[in-house]
Amino acid sequence: MFGRKLPSTRLIWIAAGALVLSIGAFVAFQSGATPEPTVVPFSDFVRDVQANQVKAVSTDGDGVEFERRDGTRFETVAPQGYIALNPTFVASLVEQGVRFNVTATEQSHGSNYTALVLGVLLFSAVGLTLYRLVTGRVPSLEKPRTIDSHEVGVTFNDVAGVDEAKDEVQEIVDFLKEPGRFSSIGGRIPRGILLVGPPGTGKTLLARWMAGEAGVPFISASGSEFVEMYAGVGASRIRKLFREARRHKSCIIFIDELDAVGRNRGGNSLSHEEREQTLNQLLVEMDGFSRSDSVVVVAATNRADILDAALLRPGRFDRQVTVGNPHLKGREQILRVHTRAIALESDVDLRSIARGTPGFSGADLPNLVNEAALSAARAGRPAVCNGDLDAARDKVLMGVERKSVVMSEHERVTCAYHEAGHAVVAALLPDADPLHKVTIIPRGRALGVTMQLPEADRHTHSKSFIQAQIAILMGGRVAEELFLRQMTSGASNDIERATELARKMVCELGMSPLGPVHFRRPSGAWDSDSRAAGFSEEAARRVDDE
Ligand code: NHX
Ligand code: ZN
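Because the structure is a prediction, the values reported are computed rather than measured.

What counts as what
Residues numbered from 1 in each chain as written. Chains lettered and ligands numbered in written order. Predicted model: local features only at pLDDT ≥ 70, side-chain atom pairs only at ≥ 80, totals over all residues. Heavy atoms only, no water. Helix = DSSP H or I, 4+ residues; strand = E, 2+ residues; numbered from the N terminus. Buried < 20%, exposed > 50% of the residue type's maximum accessible area, 1.4 Å probe, protein only. Axes fitted to C-alpha atoms, helices over the stretch in contact; angles between N-to-C directions. Parallel < 35°, antiparallel > 145°, perpendicular 65-115°, else oblique. Left-handed = near helix turned anticlockwise from the far one by under 90°. Contact = heavy atoms within 4.5 Å. Pairing = 2+ DSSP bridges. Donors = N, O, S within 2.8 Å, 3.2 Å for Na, K, Ca; no water. Tetrahedral: all angles 85-135°; square planar, octahedral: opposite > 155°, others 65-115°. 1 Å grid on protein atoms, 1.4 Å probe; cavity = no way out; pocket = protein on both sides within 12 Å on 5 of 7 lines; lining within 4 Å. Points joined across faces, edges and corners; volume = space filled by probe spheres on them. Salt bridge = Lys/Arg side-chain N within 4 Å of Asp/Glu carboxyl O. Expected span 1.5 Å × (residues − 1). Near = heavy atom within 4 Å. Polar contact = N/O pair within 3.5 Å; in protein donor to acceptor, adjacent residues only side chain to side chain. Areas by Shrake-Rupley, 256 points an atom, 1.4 Å probe, with all protein chains shown as cover. Sits in = over half its atoms within 2 Å of the grid points. Nonpolar A, V, L, I, M, F, W, Y, C, P; charged D, E, K, R; others polar. Patch = residues over 30% accessible without salt bridge, like charges linked within 9 Å, V, L, I, M, F, W, Y side chains within 5 Å. Lys, Arg positive; Asp, Glu negative; His and termini not counted. Charge placed at Lys NZ, Arg CZ, Asp CG, Glu CD. Phe/Tyr/Trp six-rings, centres within 6.5 Å; stacked < 30°, edge-to-face > 60°. Core = buried A, V, L, I, M, F, W, Y, C linked by side-chain atoms within 4.5 Å.

Details of the overall build of the protein chain
And then number 1: When its secondary structure is counted, the protein chain shows 18 helices and 13 strands.
And then number 2: By residue count, 39% of the 546 residues in the protein chain fall in the buried class.

See below:
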């Protein structure tokens with residue numbers, strides 16, 4: 001919460017408020033109590049006692065408060081130990097019928113200041129706490145971020161590699177540019193566009209690009225901002241967002257992480273009610289636009305399947321655009337864009353780097369380029385060579401080399417046999433991806449790595465490919481057993497991955513004699529019973545046997 005920028009004027013107001021509050025409370029507290037006793041010399045006290053003028057005495061040892069028979073109250077300080085070491089004085093008081101009381105806590109004149117200071121501190125703390133809550137959560141203090149179209153600053157290049165998605169949203173861009181052309185024909189333009197795709201694929205960039213292309217303001221918010229602890233806050237933020245949008249005759253509202261608000265209902269989380277309210281407000285606002293409004297709501301999510309169905313109904317987010325990880329061609333394009341400002345050696349082959357980076361997102365690739373540039377600079381070379389890009393790719397795929405890990409001779413031998421086992425099996429199986437690299441230099445969490453790379457992007461996997469993959473995973477352990485007559489814990493990750501693949505073949509891919517049946521994995525405590533999972537115990541046993 002403190003990560004936000006805090007407007008200093010507001011801080012001053014809150015601090016001032018806390019101060020006024022604490023002083024007010026202190027004064028109220030004081031005026032409610034009896035008037036403060038007057039401070040008098042100790043000799044006055046002794047004189048009054050001797051004159052039998054004292055009705056009650058209260059002391060904490062040296063500080064003395066006393067009340068005279070006429071009701072007036074005084075305060076004084078006794079010489080150190082005067083009362084404690086003077087039993088006859090105390091006895092004479094009691095004899096006179098004086099109410100004599102010893103208090104444990106300090107009641108001296110200094111206490112007022114202490115109370116004042118404590119009060120101020122306490123109320124400031126309360127004030128600050130309130131302030132934290134307030135800044136984080138009261139909508140009136142938050143303004144949706146609006147960026148004018150000419151400031152959007154996203155160019156054609158920034159959305160390289162997502163051509164299909166770009167084509168799909170082009171229509172909306174055209175509409176925003178020329179709303180009249182569409183409404184005259186009577187066509188209904190999508191009010192809400194849902195950009196669906198994994199993180200780093202450029203959903204936000206695409207939305208901003210739309211605004212820039214169409215020449216309309218871009219108003220953005222994140223779904224997570226609408227999910228708050230306090231009821232009503234999220235909904236009121238939504239209202240604010242749309243109010244801001246209506247100030248422009250035409251604009252794009254962008255809601256990132258829509259799933260934070262729009263998760264399908266029926267969960268029982270704490271913030272459930274609040275999210276429901278927020279979601280309803282969003283639906284109301286979206287339905288509230290008229291045909292002539294040229295406001296388009298663009299939302300991003302990485303999971304369209306968990307969204308509330310109400311969000312996807314016609315007139316709402318009824319248009320889904322998939323923004324996937326870039327294909328080979330897209331990766332090459334992205335690499336080209338991001339190496340434009342970087343000095344490259346002539347040996348750099350961006351196409352082959354693109355081929356070697358399957359599954360990389362649009363955000364991974366600039367990262368890789370930057371990593372390569374850093375490594376060239378570190379080595380004191382004037383330009384990035386192919387080796388730099390290669391090393392950067394391996395770093396992203398396999399983790400950082402950890403040369404500092406000290407391995408014993410025996411561990412190195414074990415590792416070498418283990419990796420060689422993977423490598424031999426991979427090399428011998430025709431359906432496996434070609435070997436890319438075998439190393440016994442520790443990387444990330446692994447002491448050694450055998451890495452394959454596909455020749456082309458893979459979108460589906462054959463049964464023989466998966467079987468080959470399982471065999472390759474087993475190759476490491478098998479080599480240790482055959483050549484070193486040992487088993488080590490090192491194969492744990494291999495075994496986990498192989499088991500996972502085998503289970504998938506049986507339960508999800510229909511690649512076993514059990515046939516093309518989906519066996520939903522029993523998950524969580526409440527449906528761990530396999531019947532709740534959608535199949536019998538008998539079937540569960542057969543799955544395990546497979
Ligand atoms: C240990 N680590 O746990 C040591 C420090 C058999 C030569 N005592 O199979 O490094 O034994 O082919 C992701 C990736 C655990 C998660 C690798 C979790 C490895 C890796 C255990 C090589 N290469 N095992 C391999 C390995 C180990 C581990 C992982 C992970 C070893 C093996 C790790
Ligand atoms: Zn292994």
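Some details on the packing of helix α8 (residues 233–246) against helix α10 (residues 272–287)
And then number 1: In the contact formed by α8 and α10, the axes pass within 7 Å of each other and the chain directions differ by 20 degrees. Relative to α10, the element α8 lies roughly parallel. Helix-helix and strand crossings are classified by hand; for α8 and α10 the assignment is right-handed. Contacts from Val233, Gly234, Ala235, Ile238, Arg239, Phe242 and Arg246 in α8 reach Glu274, Gln277, Thr278, Gln281, Leu282, Glu285 and Met286 in α10.

As for the sheet that holds strand β2 (residues 54–59)
And then number 1: Taking strand neighbours across the sheet as the criterion, the five strands line up as β1-β4-β3-β2-β5 in an open arrangement whose pairing is mixed. Across the chains shown, the open sheet's two edge strands, defined by having one partner strand only, are β1 (38–39) and β5 (99–102).
And then number 2: Strands β2, β3 (63–68) and β4 (73–77) of the sheet are contacted by helix α2 (residues 42–50), whose axis makes an angle of about 45 degrees with β3.

Regarding the sheet that holds strand β11 (residues 319–322)
And then number 1: Here six strands make up an open sheet; going across it, the order is β6-β8-β9-β10-β7-β11 and the pairing mixed. Edge strands, defined here as strands with exactly one partner in the open sheet, are β6 (145–147) and β11. For this sheet, the mean inter-axis angle between neighbouring strands, taken without regard to orientation, is 20 degrees.
And then number 2: Inspection of the sheet shows strand β9 (residues 250–256) paired to strand β10 (residues 294–301) by six bridges, in the parallel sense. Of the residues in β10, the one forming a bridge with phenylalanine 254 is valine 298.
And then number 3: Against the sheet, helix α7 (residues 203–214) engages β6, β7 (192–196), β8 (218–222), β9 and β10, with an angle of about 175 degrees to β9.
And then number 4: Each of β6, β8, β9 and β10 is contacted by α8, which is oriented at about 155 degrees to β9, the strand it contacts most.

What to know about the coordination of the zinc ion (ligand 2)
And then number 1: Donor atoms from the polypeptide that bind the zinc ion (ligand 2) are His418 (NE2), His422 (NE2) and Asp494 (OD), placed at 2.0 to 2.1 Å.
And then number 2: For the zinc ion (ligand 2), the six donor atoms in the first shell make angles of 28 to 163 degrees at the metal, a pattern classed as irregular.
And then number 3: Mapped onto the polypeptide sequence, the residues donating to the zinc ion (ligand 2) form the spacing pattern H-x3-H-x71-D. Here the residue histidine 418 and the residue histidine 422 both occupy positions in helix α15 (residues 409–428), the gap between them amounting to four residues, near one helical turn.
And then number 4: For histidine 418, a relative accessible area of 7% translates into the label buried.
And then number 5: A residue is classified by how much of its surface remains accessible, and histidine 422, at 6% relative accessible area, is buried.

Things to note about the layout of surface pockets
And then number 1: Volume-wise, the largest pocket comes out at about 1,600 Å³.
And then number 2: Lining the largest pocket we find 48 residues, and of these Val449, Thr450, Leu473, Asn493 and Arg497 sit closest to its centre.
And then number 3: At the level of secondary structure, the elements contributing two or more residues to the lining of the largest pocket comprise α14 (386–398), α15, β13 (449–452), α16 (463–484) and α17 (492–507).
And then number 4: Looking at which element gives the most residues to the lining of the largest pocket, the answer is α15, with seven residues.

What about the environment of valine 449?
And then number 1: With respect to the helices and strands, valine 449 occurs in strand β13.
And then number 2: With 30 residues separating them along the chain, valine 449 and glutamate 419 place their C-alpha atoms 6.5 Å apart.

Things to note about the pattern of salt bridges
And then number 1: Following the criterion strictly, the structure yields 26 salt bridges and no others.
And then number 2: Residue glutamate 371 pairs with lysine 395 through a salt bridge whose shortest N-O separation is 2.7 Å. Of this pair, glutamate 371 sits in helix α13 (residues 364–378) while lysine 395 sits in helix α14, and the two are 24 residues apart along the sequence.
And then number 3: Between aspartate 388 and arginine 381 there is a salt bridge, with its nearest N and O atoms 2.7 Å apart.
And then number 4: On the accessibility criterion, aspartate 388 (4% relative accessible area) is buried.
And then number 5: Taking relative accessible area as the criterion, arginine 381 reaches 33% and is therefore assigned partly exposed.

What to know about α7
And then number 1: Here α7 spans 17 Å end to end across 12 residues, near enough to the 16 Å set by a 1.5 Å rise per residue.
And then number 2: Of all the positions in α7, only Lys203, Leu206, Ala207, Trp209, Met210, Ala211 and Ala214 are classed as buried.
And then number 3: Turning to α7, the residues buried within the fold contact α5 (163–177), β7, β8, β9 and β10.
And then number 4: Once α7 ends, the next one or two residues include glycine 215, with phi positive near 70 degrees.

A look at the site of ligand 1
And then number 1: The local shell around ligand 1 consists of Cys415, His418, Glu419, His422, Arg445, Ala446, Leu447, Gly448, Gly490, Asn493 and Asp494.
And then number 2: Within the side chain of aspartate 494, a nitrogen or oxygen atom sits 2.9 Å from an oxygen atom of ligand 1.
And then number 3: For ligand 1, whose unbound accessible area comes to 690 Å², protein coverage reaches 69%.
And then number 4: In this structure the site holding ligand 1 corresponds to the largest pocket.
And then number 5: With four residues, the single largest contributor to the shell around ligand 1 is α15.
And then number 6: Counted by class, the shell around ligand 1 contains three nonpolar, five polar and three charged residues.

Side note on a negative patch on the surface
And then number 1: A grouping of Asp163, Glu164, Asp167 and Glu168 is seen on the molecular surface, where their side chains present a negatively charged patch.
And then number 2: Here aspartate 167 shows up in helix α5.
And then number 3: Accessibility expressed as a relative area gives 58% for aspartate 167, which makes it exposed.

Brief notes about the packing of aromatic side chains
And then number 1: As enumerated under the stated definition, the model contains seven aromatic pairs in all.
And then number 2: Each ring, one from phenylalanine 218 and one from phenylalanine 254, has its centre 5.7 Å from the other, and the planes form 25 degrees; the classification is stacked. One end of the pair, phenylalanine 218, is in strand β8; the other, phenylalanine 254, is in strand β9, and 36 residues separate them in sequence.
And then number 3: The exposure class assigned to phenylalanine 254 is buried, which follows from its relative accessible area of 2%.

Quick look at the nonpolar core
Where a protein is soluble and globular, its nonpolar side chains tend to be buried together.
And then number 1: Membership of the largest hydrophobic core comes to 30 residues, with the highest contact counts inside it found for Leu195, Leu206 and Val298.
And then number 2: At the level of secondary structure, the elements contributing two or more residues to this core comprise α5, β7, α7, β9 and β10.
And then number 3: Discounting chain neighbours no more than four positions away, the residues touching leucine 206 are Val159, Val162, Ala165, Lys166, Val169, Leu195 and Val323.

So, helix α11 (residues 328–339)
And then number 1: Taking 1.5 Å as the rise per residue, α11 with 12 residues should run 16 Å; its terminal C-alpha atoms sit 16 Å apart, in good agreement.
And then number 2: What α11 keeps buried is the set Gly330, Arg331, Glu332, Ile334, Leu335, Val337 and Thr339.
And then number 3: Taken together, the buried residues of α11 touch α12 (350–355) and α13.

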